[in-house]
Amino acid sequence: MKTFTLQTRKREEFLEITHLVRQYVADLNGFSGSVLLYIPHTTAGCTINENADPDVVRDMLLELSKIVPRVSDYRHAEGNSDSHIKASLMGSSQSILVEKGELILGQWQGIYFCEFDGPRQRTFHLKLIHDHE
Amino acid sequence: MKTFTLQTRKREEFLEITHLVRQYVADLNGFSGSVLLYIPHTTAGCTINENADPDVVRDMLLELSKIVPRVSDYRHAEGNSDSHIKASLMGSSQSILVEKGELILGQWQGIYFCEFDGPRQRTFHLKLIHDHE
Amino acid sequence: MKTFTLQTRKREEFLEITHLVRQYVADLNGFSGSVLLYIPHTTAGCTINENADPDVVRDMLLELSKIVPRVSDYRHAEGNSDSHIKASLMGSSQSILVEKGELILGQWQGIYFCEFDGPRQRTFHLKLIHDHE
């Protein structure tokens, strides 16, 4: 398992970490299986989506904030209940396939760390999982 | 694989099962890898989120019921289409990292069984997945 | 890893692929572990939900389109930002348990490829993951 640290800059943003995952996997010399990305936070999550046009991420963040408004009948005193809900909607882990040291991503796919209550220093974990072959 | 049974008490509630997952993993004597939690239901799911302030779960449930209203243009005759949608939004499985018999959870993270159409008797499965080391 | 191709027929539809996953797993002669389903697209995802009453899928699609409207303050020029968001809400992968060559699905569970920007030719990957036993 390897743990990475990153610094987010806004309350809500998606930081692309594809290059970090790719590098981690490439270092392992022809590994095939999958890599598990895990986010050990409750107001941040992860997702896989388009990394070509930055407007996709911008639209996702804006629309998520309409789906889960920041102000509602929330009781949690920290005022970040929306962040917790968005984290669960995106998910706390992602599995990505690996073949001979290469990530098997679709043409437009990037891997994102989803910050919903920044800016903060955050961490995420990567772990390699064996396949059957 | 191990199957657990639990009894939910309300139509919608998150039951924390972190202690059950932790115990299962601890029994395996230093195992490293990941544990896969799987929910074999279509109106219940699972998520990982805060277990310190119970208002977080309360807020999540209340807001999910606004996002996916119980009454809408649904056709499914059982009247629980909202439950099915919420189950898919949370997800039917979660992967949690394990190092030397310990769950690698964030400081505030708990593992939840998400009931969206209870009260019912429910089950969930746990399975250990090998890592690369 | 095995890659499958499918043709979707509508802008939004859930195509059940349970039989394809079951067949893939059955060919492996008593394998136990899990199977990882991965969708290499950014406007399609996957979920596990009811396959008995087709109205459940119909209700899920209709309600998802209310939660994430097709027209909003989107900037992404392709006009499919809603598709990207729905793909992330459902997820790009699913893990399903396998015991002795059989999928461990709940009684009403089916595995769905979720098209949110069709019709298109699409692909998905399956990979077997070893368990601890």
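My aim in this report is to walk through the structure given alongside it, one point at a time. Please read these numbers as outputs of a predicted model, since none were measured by experiment. (Residues numbered from 1 in each chain as written. Chains lettered and ligands numbered in written order. Predicted model: local features only at pLDDT ≥ 70, side-chain atom pairs only at ≥ 80, totals over all residues. Heavy atoms only, no water.)

Notes on the environment of C:E12
Residues and elements named next belong to chain C.
Right, so step 1: Within the secondary structure, E12 sits in the loop between β1 (2–7) and β2 (13–16).
Right, so step 2: For the pair E12 and F116, spaced 104 residues apart in the sequence, the C-alpha separation amounts to 4.4 Å.
Right, so step 3: If we ignore the near neighbours within four places in the chain, the residues touching E12 are L61, S65, D82, K86, E115 and F116.
Right, so step 4: In this structure the side chain of E12 is engaged in a polar contact, spanning 2.9 Å, whose partner is the side chain of R11.
Right, so step 5: A distance of 2.9 Å separates a polar atom in the side chain of E12 from a polar atom in the side chain of K86. (Helix = DSSP H or I, 4+ residues; strand = E, 2+ residues; numbered from the N terminus. Contact = heavy atoms within 4.5 Å. Polar contact = N/O pair within 3.5 Å; in protein donor to acceptor, adjacent residues only side chain to side chain.)

Considerations on unusual backbone geometry
Right, so step 1: Here the bond from B:G118 into B:P119 is cis, since omega is -5 degrees, no more than 30 degrees from zero.
Right, so step 2: With respect to the secondary-structure elements, B:P119 resides in the loop between β7 (109–115) and β8 (121–130).
Right, so step 3: Here the phi dihedral of A:K100 falls at roughly 50 degrees; this positive angle occurs in a residue that is not glycine.
Right, so step 4: With respect to the helices and strands, the residue A:K100 is situated in the loop between β5 (93–99) and β6 (102–103).

Observations concerning the packing of helix α3 (residues 81–90) of chain A against helix α2 (residues 54–67) of chain B
Right, so step 1: Running from amino to carboxyl end, α3(A) crosses α2(B) at an angle of 70 degrees, the nearest separation of the two axes being 9 Å. One element, α3(A), and the other, α2(B), form an angle in the roughly perpendicular class. Relative to α2(B), the crossing made by α3(A) is right-handed. From α3(A), A:S81, A:H84, A:I85, A:S88 and A:L89 reach across to α2(B), where they touch B:V56, B:D59, B:M60, B:E63 and B:L64.
Right, so step 2: Of the residues that constitute the contact of α3(A) with α2(B), the class distribution is five nonpolar, three polar and two charged. (Axes fitted to C-alpha atoms, helices over the stretch in contact; angles between N-to-C directions. Parallel < 35°, antiparallel > 145°, perpendicular 65-115°, else oblique. Left-handed = near helix turned anticlockwise from the far one by under 90°. Nonpolar A, V, L, I, M, F, W, Y, C, P; charged D, E, K, R; others polar.)

None of the figures reported here should be taken as evidence of function without further support.
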